[in-house]
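# Notes for the structure review
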Amino acid sequence: MAQLERFAQARIPALGVDDVIARMRALGAELPPRDGVAVFNRVYLCVTEAVDRAIDGGPTGGFPDRGAAVTLDVRFAERYLGAVDAAAHGARPPACWRPLFQFRRHPGVRPLQFALAGINAHIGHDLALAVVDACRTLDCEPDALEDEFERVGDLLVTLEERVREELMPGPDLLQVADPLTHLLGAWSLERARDGAWGAARALWALRDLPSVAAEFTHRLDASVGLVGRMLLTPLPD
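Residues numbered from 1 in each chain as written. Predicted model: local features only at pLDDT ≥ 70, side-chain atom pairs only at ≥ 80, totals over all residues. Heavy atoms only, no water.

Let's shift gears to the pattern of salt bridges. Pairing is possible between side chains that carry opposite charge, provided their charged atoms lie close to one another. Applying the stated criterion across every chain yields a total of 13 salt bridges. Put simply, R201 and D143 hold a salt bridge, and the shortest N to O gap is 2.4 Å. One end of the pair, R201, is in helix 9 (residues 189-205); the other, D143, is in the loop between helix 6 (111-138) and helix 7 (146-167), with 58 residues separating them in the sequence. For D143, a relative accessible area of 47% puts it in the partly exposed group. Here the salt bridges do not stand alone but share partners, grouping E150, D154, E190 and R193 into one network. (Salt bridge = Lys/Arg side-chain N within 4 Å of Asp/Glu carboxyl O. Helix = DSSP H or I, 4+ residues; strand = E, 2+ residues; numbered from the N terminus. Buried < 20%, exposed > 50% of the residue type's maximum accessible area, 1.4 Å probe, protein only.)

Once that is clear, we can look at the packing of helix 6 against helix 9. Contact geometry of helix 6 with helix 9 gives a least axis separation of 8 Å together with a crossing angle of 30°. Between helix 6 and helix 9 the crossing geometry is right-handed. The segment helix 6 lies against helix 9, with I119, I123, L127, A128, L129, V131, V132, C135 and R136 engaging L189, A192, R193, A196, W197, A199, A200, L203 and W204. Taken together, the residues of the contact of helix 6 with helix 9 sort by class into 16 nonpolar, no polar and 2 charged. (Axes fitted to C-alpha atoms, helices over the stretch in contact; angles between N-to-C directions. Left-handed = near helix turned anticlockwise from the far one by under 90°. Contact = heavy atoms within 4.5 Å. Nonpolar A, V, L, I, M, F, W, Y, C, P; charged D, E, K, R; others polar.)

A few words now on the nonpolar core. Ranked by internal contacts, the top residues of the largest apolar core, which has 75 residues, are Y44, F63, Y80, W97 and I119. For this core, the secondary structure elements donating two or more residues are helix 2 (17-30), helix 3 (36-56), helix 4 (66-88), helix 5 (98-103), helix 6, helix 7, helix 9 and helix 10 (210-231). Here this core takes 16 residues from helix 6, the largest share from any one element. The contact partners of F63, leaving out residues within four places of it in the chain, are V51, A54, I55, G58, A69, E148, R151, V152 and L155. (Core = buried A, V, L, I, M, F, W, Y, C linked by side-chain atoms within 4.5 Å.)

Attention shifts here to the side chain of T217. Checked against the element boundaries, T217 lands in helix 10. Judged by its relative accessible area of 12%, T217 falls in the buried class. Beyond its immediate stretch of four places on either side in the chain, T217 contacts H125, L129 and L203.

Residue D139 is not a glycine yet carries a positive backbone phi of 55°. Here D139 shows up in the loop between helix 6 and helix 7. For D139, a relative accessible area of 72% puts it in the exposed group.

This is the structure we're talking about:
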């Protein structure tokens, strides 16, 4: 974990939201459309563009503190981009991301599964750590970022609904007995979002106990990775 953190910090410079969007657009142009990482990247690019528009809207966009919103958004994106860079350079990404990279070309995994597995990794693990990263950058408590956290979460919920509508098979294909129906019912963005906030607060409280915080982070990473592996269970046609 420590080696990966150093790798990610060495590979990713200080970014702005426009830089993050440019990197994700470039990544999308490089990858085959059916690649699992490309599927999630398209989803996350839509989220980041929506957040960027909301930030530009200031208080009317739901982000009264532009500096805090930009910091949280960029720190959040750095976690995903760090995992992409780690995989591209032969390093091990966090456990939460490994299933997506391992199954990204599996013909039995459907696009909706790739999208949800990426959302699971990014919300279940990365968001909590991004809140802590942002608090350290801004020298503030997590409670000071709660409004930004909730607004980002609202945008993510809206996007999840759109993802399900666009990537879910038609009604004639998605029957009650379809295994995909059961996989979709086993995961909730709302619960993942609530868990991320609780994890962020716990990690902040543990900041003066580095060994305990590292153990908490490791176990969070592993548990989110286990859920991701379940979401990517290959399914019959």
